[in-house]
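Examination of the molecular architecture
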Amino acid sequence: LVIADIVMLSGAAFASFFLRFEAEIPNDYFLALLCLAILNVVIIIPLFFWQRLYSLSLTFVSIQDLYRILKAVFFATILSFTAATLLRDYKIIEAFPRSTILINALFAIVLLGFVRIAKRMIRELRTSSSGKRILVVGAEDAAVQLVRTLLATHTYSVVGFLDDNPIKRHTT
């Protein structure tokens with residue numbers, strides 16, 4: 001997962017320069033691009049360890065995990081802006097377009113989130129039709145937790161929920 005994140009962070013740096021310069025990155029900026037890619041890895045990977053994003057099961061990725069990605073990338077963006085401001089007198093940073101830091105943050109969130117959700121999506125698509133079909137009675141938090149557990153066993157395929165609450169009708 002760490003290697004996938006390094007690849008995605010490097011891709012985010014490249015994509016931010018690619019977008020900023022409208023698909024024609026000037027030769028003078030390739031060193032700045034390399035600096036952003038290295039800065040991404042050096043700052044974000046430790047923040048992901050701090051947010052415990054490497055100790056999770058990709059099978060059960062949740063909104064909470066995506067929130068942790070947002071939090072880590074937000075802190076990384078602040079640190080990158082601070083580093084770019086403090087080191088602006090150096091030749092490499094002097095030619096560094098600050099807009100790429102924000103664009104990079106957006107690409108990083110999308111790509112890093114995709115890495116974590118992709119395995120779950122593939123798994124759910126592959127196992128959605130296998131197993132014994134069941135209908136769950138109730139649609140509260142406990143029922144949702146039950147369904148997650150059942151899906152993890154690959155033994156059951158949940159067809160739907162039954163609930164007497166009219167507000168929950170025709171919802172997913």
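The paragraphs below set out a description of the structure included in this document. Fair warning: this is a prediction, and the values are worked out from it, not measured in the lab. All residue numbers refer to positions counted from 1 along the written sequence of the respective chain. Per-residue local features of the predicted model are confined to residues with pLDDT of at least 70, and side-chain atom pairs are confined, for both listing and counting, to 80 or more; whole-chain, interface and lining totals are unaffected and use all residues. Derived side-chain values reflect all non-hydrogen atoms in the structure, with water molecules and hydrogen atoms excluded from consideration.

Secondary structure is summarised from DSSP: a helix means a run of H or I of at least four residues, a strand means a run of E of at least two, and numbering begins at the N terminus for each. Every helix has an expected span of 1.5 Å times one less than the residues it contains. For helix H1 (residues 2-20), which comprises 19 residues, the first-to-last C-alpha distance of 27 Å matches the rise-based estimate of 27 Å (1.5 Å per residue) to within 8%. In this scheme, a residue with accessible area under 20% of its type's maximum is buried, one over 50% is exposed, and one in between is partly exposed, where area comes from a 1.4 Å probe on protein chains only. Along H1, the residues that are buried comprise Asp-5, Leu-9, Ala-12, Ala-13, Ala-15, Ser-16 and Phe-17. In the stretch just after H1, Glu-22 is the one whose phi turns positive, near 50 degrees.

A few words now on the packing of helix H2 (residues 30-50) against helix H3 (residues 63-86). Running from N to C, H2 and H3 cross one another at 140 degrees; their axes reach a closest spacing of 9 Å. Accordingly, the angle class assigned to the pair H2 and H3 is oblique. The chirality of how H2 crosses H3 is right-handed. Where H2 approaches H3, its residues Leu-39, Ile-43, Ile-44, Leu-47, Phe-48 and Trp-50 are matched on the opposing element by Ile-69, Lys-71, Ala-72, Val-73, Phe-75, Ala-76, Leu-79 and Ser-80. Here an angle of 0 to 180 degrees is reported between the N-to-C directions of two axes, which are lines fitted to C-alpha atoms, with helices fitted over the stretch in contact. When describing relative orientation, an angle under 35 degrees is termed roughly parallel and one over 145 degrees roughly antiparallel, while 65 to 115 degrees is termed roughly perpendicular and anything else oblique. Throughout, a crossing is termed right-handed when the near helix is turned clockwise from the far one, and left-handed when it is turned anticlockwise from it by less than a right angle. Note on definitions: a residue-residue contact is assigned when non-hydrogen atoms from the two residues lie within 4.5 Å.

This next bit is on the packing of H1 against H2. Running from amino to carboxyl end, H1 crosses H2 at an angle of 140 degrees, the nearest separation of the two axes being 9 Å. Looking at the two axes, H1 sits oblique to H2. At the point where H1 passes H2, the crossing takes the right-handed sense. Along its contact with H1, which presents Val-2, Asp-5, Ile-6, Leu-9, Ser-10, Ala-13, Phe-14, Ser-16 and Phe-17, the element H2 presents Ala-32, Leu-33, Leu-36, Ala-37, Asn-40, Val-41, Ile-44, Ile-45, Phe-48 and Phe-49. Think of it as three bins: nonpolar holds Ala, Val, Leu, Ile, Met, Phe, Trp, Tyr, Cys and Pro, charged holds Asp, Glu, Lys and Arg, and polar takes everything else, Gly as well. Here the residues of the contact of H1 with H2 are counted per class, giving 15 nonpolar, 3 polar and 1 charged.

Turning our eyes to something else, we now look at the side chain of Asn-104. By secondary structure assignment, the location of Asn-104 is in helix H5 (residues 99-127). Taking the relative accessible area as the measure of exposure, Asn-104 reaches 4% and is therefore buried. Filtering out sequence-adjacent residues up to four positions away, Asn-104 remains in contact with Leu-9, Ala-12, Ala-13, Ser-16, Leu-36 and Asn-40.

Note that all results are geometric; they support no functional claim without further evidence.
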